[in-house]
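# Working through the structure, step by step
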Amino acid sequence: MKKTLKTDKPVQFVKINESLCNGCVLCTKACPTRAIRVKKNRLAHIVGACIECGECVRVCPRNAVKFVTSDMPSPKSDYACVSASSALSVQFGEQFMPNDILLGLRALGLGYAHDTSYTSELYNIALGLYLKEQRKKTQAPKPLISPFCPVVVQTIIHRFPSLIDHIPPLLLPREIVAREAKKRLSTKYGCKQEEIKVLHITPCAAQIASIQECVLSEDSCIDGAIGIGSIHESLKHALRDLDDDRVLHHSGGVGLGWAMSGGEIAGMEMNCLAISGLQETIHYLEKIEMGLLKDIDYVECRTCTEGCIGGPLTVADKYEAKHHLQKLVRQFGLEKRVKEEYVKKLYAQGWFFSDMKR
């Protein structure tokens, strides 16, 4: 039996250190779901639905609020494949190219390093096909809202449940990478798919939470996730000693651009908007709920300012990272490097669709 969209989240990925908390209530005021309360002992506690947006982490003056993330895996780990957010490509300065980052991951012994940006370009075309189908339906919800940012999805579930039908039923690029890696590598190694382990490297604790507590698919195909900050030093050392000229990076600028606000819709030919920042996102979700944006086909929302490059688990300054990423987008070109007919064939086979019943 397929699961329906889940609205409960029993696992918390944000923790409050009571020994550091002084009950200043800044985190309470910042929380968009009012999940934090300061109780009688004058200490903050998470009592409601935490959506891992990180606003409490950002405003706490005493560093009492922290994300709980996975530790760095051992170089002798059992992971057969590693995928990474496109934001990882701009965390090490302009001297390192996206292909260097992928080779560095491979040098760490984390398995085959997949170019997730290429899968994002596949997704980009599939999304365009889905939007064209929806245009032909008179009762289709408009605008559709990007499912990419897990904080946006959780915000919709907890504050705007009437907008759940505005989320396209498409698997995210990181999930497609993991699913296909399990299929292909299990065939290559002659083992069961569940024996193939996939690690995801993310700029966002909410993505770690969404992998462990899925709401948009039956189960995540990803077996482990760590923050960019957790792997940064190890990968930086691997890049310094890199002596490998294999080509692992295949995407163009469109796929790389997904790491910044506006990147997801950059290759779209529809009427789209890109919103970044939590309060701006909430403001536009309110507009959509009131039916004020029916002339828009698709809204890309990212609750981190500037997009994933502004994620709480990143290392590089988000504005420097944006400047670097814009250069890469120009360098690799604004045309997608995937074949549209190939994507159409996959789309017709249901390759991009989630198994979650709405």
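Going by the structure above, here's the rest.
Parameters at a glance
- Residues numbered from 1 in each chain as written.
- Predicted model: local features only at pLDDT ≥ 70, side-chain atom pairs only at ≥ 80, totals over all residues.
- Heavy atoms only, no water.
- Phe/Tyr/Trp six-rings, centres within 6.5 Å; stacked < 30°, edge-to-face > 60°.
- Buried < 20%, exposed > 50% of the residue type's maximum accessible area, 1.4 Å probe, protein only.
- Lys NZ or Arg CZ within 6 Å of the ring centre and 35° of its normal.
- Helix = DSSP H or I, 4+ residues; strand = E, 2+ residues; numbered from the N terminus.
- Polar contact = N/O pair within 3.5 Å; in protein donor to acceptor, adjacent residues only side chain to side chain.
- Salt bridge = Lys/Arg side-chain N within 4 Å of Asp/Glu carboxyl O.

Another aspect to go through is the packing of aromatic side chains. One pass over the structure, following the stated rule, counts five aromatic pairs. Centre to centre, the rings of Y347 and F353 are 5.3 Å apart; their planes meet at 55°, and the pair counts as tilted. For the pair W351 and F352, a centre-to-centre distance of 4.9 Å together with 80° between the ring planes defines the contact as edge-to-face. Classification of W351 as buried rests on a relative accessible area of 13%. The buried category is assigned to F352, whose relative accessible area is 0%. Each residue in the set Y123, F148 and W258 is aromatic and connected to the rest through ring pairs, giving one cluster. Just above the ring of F148 sits the side chain of R174; from NZ or CZ to the centre is 5.5 Å. In this structure, R179 packs its charged tip against the face of W351, placed 5.0 Å from the ring centre.

Tracing the backbone through its elements, the reader meets S146 in the loop between β7 (144-145) and α5 (150-159). Judged by relative accessible area, S146 falls into the buried class, the value being 1%. Side chain to side chain, S146 and Y298 meet in a polar contact 3.4 Å long.

Okay, the pattern of salt bridges next. Applying the stated criterion across every chain yields a total of twelve salt bridges. The partner of E94 in a salt bridge is K327, with the nearest N and O atoms 3.2 Å apart. With E94 in the loop between β5 (79-84) and α3 (98-107) and K327 in helix α11 (residues 318-332), this residue pair connects regions lying 233 residues apart in the sequence. On the accessibility criterion, K327 (33% relative accessible area) is partly exposed. Here K142 ties to D297 by a salt bridge, and the two come within 3.5 Å at their closest N and O atoms. Note that K142 is positioned in the loop between α4 (116-135) and β7 and D297 in the loop between α10 (278-289) and β11 (298-302), a separation of 155 residues in sequence. Here K142 falls in the partly exposed class, since its relative accessible area comes to 29%. Residues participating in the shared-partner salt-bridge network are R135, K142 and D297.

So yeah, pure geometry; function would need other evidence.
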